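Chains, contacts and geometry: an overview
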Amino acid sequence: LCGFYQKENINTTVTAVMEMKRNGWNITNENIKLGLLKIKKNTGFLGRWQKLDENPLIICDTGHNVDAIKKIIYQISKISYKCLHIVLGLSEEKDIEKILKLMPTHATYYFCKANVSRGLDEYKLQERASKLKLLGNCYNSVNKAFEDAKQKSSKKDLIFIGGSTFIVSEIL
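Residues numbered from 1 in each chain as written. Predicted model: local features only at pLDDT ≥ 70, side-chain atom pairs only at ≥ 80, totals over all residues. Heavy atoms only, no water.

Some thoughts on the pattern of salt bridges
For the record, the criterion: What makes a salt bridge here is a side-chain nitrogen of Lys or Arg within 4 Å of a carboxyl oxygen of Asp or Glu, nothing more. Only DSSP runs of H or I reaching four residues or more are called helices, and only runs of E reaching two or more are called strands; each is numbered from the N terminus. Relative accessibility thresholds used throughout: buried, under 20% of the residue-type maximum; exposed, over 50%; partly exposed, between the two (1.4 Å probe, protein chains only).
Within this structure, the stated rule accounts for nine salt bridges. Note that Asp67 and Lys71 form a salt bridge whose closest N and O atoms lie 3.1 Å from each other. With Asp67 and Lys71 both in helix H4 (residues 66-77) and four residues apart, this pair spans about one turn of that helix. On the basis of relative accessibility, which here comes to 44%, the residue Asp67 falls in the partly exposed class. Its salt-bridge partner being Lys152, residue Asp148 comes within 2.9 Å of it at the nearest N-O pair. Of the residues examined, Lys152 reaches a relative accessible area of 46% and is grouped as partly exposed.

Some details on unusual backbone geometry
Note that the residue after Asn55, namely Pro56, is joined by a cis bond; omega there is 5 degrees. Inspection of the secondary structure puts Pro56 in the loop between strand E1 (50-53) and strand E2 (57-61). A positive phi is found at Trp49, a non-glycine position, where the angle reads about 45 degrees. Among the secondary structure elements, Trp49 is positioned in the loop between helix H3 (39-43) and E1. The class of Trp49 is buried, set by a relative accessible area of 8%.

Some points on the pairing of strand E4 (residues 108-112)
Here is the rule: The rule for pairing is simple: two strands pair if DSSP sees at least two bridges between them. When the strands point away from the viewer, a crossover counts as right-handed if the path from the first strand over the helix to the second runs clockwise.
Of all five residues making up E4, four are buried, and the element is well covered by its neighbours. Strand direction decides the pairing type here: strand E3 (residues 84-88) and E4, joined by four bridges, are parallel. Opposite Val87, over in E4, you have Tyr110 as the bridge partner. Taken together, E3, helix H5 (residues 96-102) and E4 form a β-α-β motif whose crossover is right-handed. Note that E4 and strand E5 (residues 136-139) share four bridges and pair parallel. Directly across from Phe111, in E5, lies its bridge partner Cys138. Running through helix H6 (residues 122-130), the crossover from E4 to the neighbouring parallel element E5 is right-handed.

Some thoughts on the environment of Arg118
To be explicit about the condition: Only heavy atoms enter the contact rule, under which two residues are in contact if any of them lie within 4.5 Å.
Considering the arrangement of structural elements, one finds Arg118 in the loop between E4 and H6. Judged by its relative accessible area of 40%, Arg118 is partly exposed. Taking the C-alpha atoms as reference points, Arg118 and Phe166, 48 residues apart in sequence, are found 9.3 Å from one another. The contact partners of Arg118, leaving out residues within four places of it in the chain, are Leu90, Ser91, Glu92, Glu93 and Phe166.

Points about helix H7 (residues 142-151)
The test is simple: In this description, the arc belongs to the directions extending from the helix axis to the C-beta atoms.
Among all positions of H7, only Val142, Ala145, Phe146, Asp148 and Ala149 are buried. Buried residues of H7 fall within an arc of 165 degrees about the axis and therefore sit on the same side. Elements that come into contact with the buried residues of H7 comprise E2, E3, E4, E5, strand E6 (158-162) and helix H8 (165-171).

Digging into the nonpolar core
Note the cut-off: In these notes, a set of buried Ala, Val, Leu, Ile, Met, Phe, Trp, Tyr and Cys residues joined through side-chain atoms within 4.5 Å is what counts as a nonpolar core.
Core analysis: the biggest nonpolar cluster contains 25 residues, and Ile76, Ile86, Leu88, Leu100, Met103 and Tyr109 have the highest contact counts within it. Listed by contribution, the elements that provide at least two residues to this core are E2, H4, E3, H5, E4, H6 and E6. Tallying contributions element by element places H4 first for this core, with four residues.

Side note on the sheet that holds E3
In any sheet, the strands associate via hydrogen bonds between backbone groups, in a parallel or an antiparallel arrangement. We count it as follows: The angle between two axes is taken between their N-to-C directions and runs from 0 to 180 degrees, where each axis is a line fitted to C-alpha atoms and a helix contributes only its stretch in contact.
Spatially, the six strands line up as an open sheet ordered E1-E2-E6-E3-E4-E5, and their pairing is mixed. Among the strands making up the open sheet, the edge pair consists of E1 and E5. Taken over all neighbouring pairs, the strand axes of this sheet differ in orientation by 20 degrees on average, direction set aside. In terms of strand pairing, E3 meets E6 through five bridges, oriented parallel. Residue pairing for E6: Leu88 is matched across the bridge by Gly162.

This is the structure we're talking about:
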């Protein structure tokens with residue numbers, strides 16, 4: 001799995017497996033290595049700093065809480081791009097204000113709602129975001145937001161899709 005934060009996740013996983021070994025589980029170092037190398041195949045785990053295209057660079061991530069968004073924004077800051085486009089949707093129960101305060105103001109936003117009952121209405125999201133100078137348009141579907149972001153992007157731009165596992169799942 002890609003993403004700077006995966007180093008922390010791998011450390012946690014290896015520590016847990018080592019503890020299991022210490023408690024009698026028959027797990028070899030080769031099992032651990034193969035498990036980590038084939039994690040996507042073994043788990044079907046998608047959407048964690050997943051590159052979807054190159055020109056423009058399109059990345060999606062299912063991170064959906066304050067800590068995850070901090071790490072995502074940090075990794076975005078390490079990428080060279082001309083313009084940043086963010087397809088964003090959040091779930092109603094998340095700490096929306098804290099998440100929005102982390103988002104870059106220099107991006108163009110494509111506010112959308114995942115097709116689930118927990119999804120935050122795109123107009124409510126836009127209203128809250130605009131108070132923090134996060135500007136963009138609303139879309140009645142994730143795919144329409146994504147398509148518009150692609151149409152408005154140049155080959156040197158970055159499109160990021162995220163804010164919710166539900167948003168990413170509609171693209172994948």
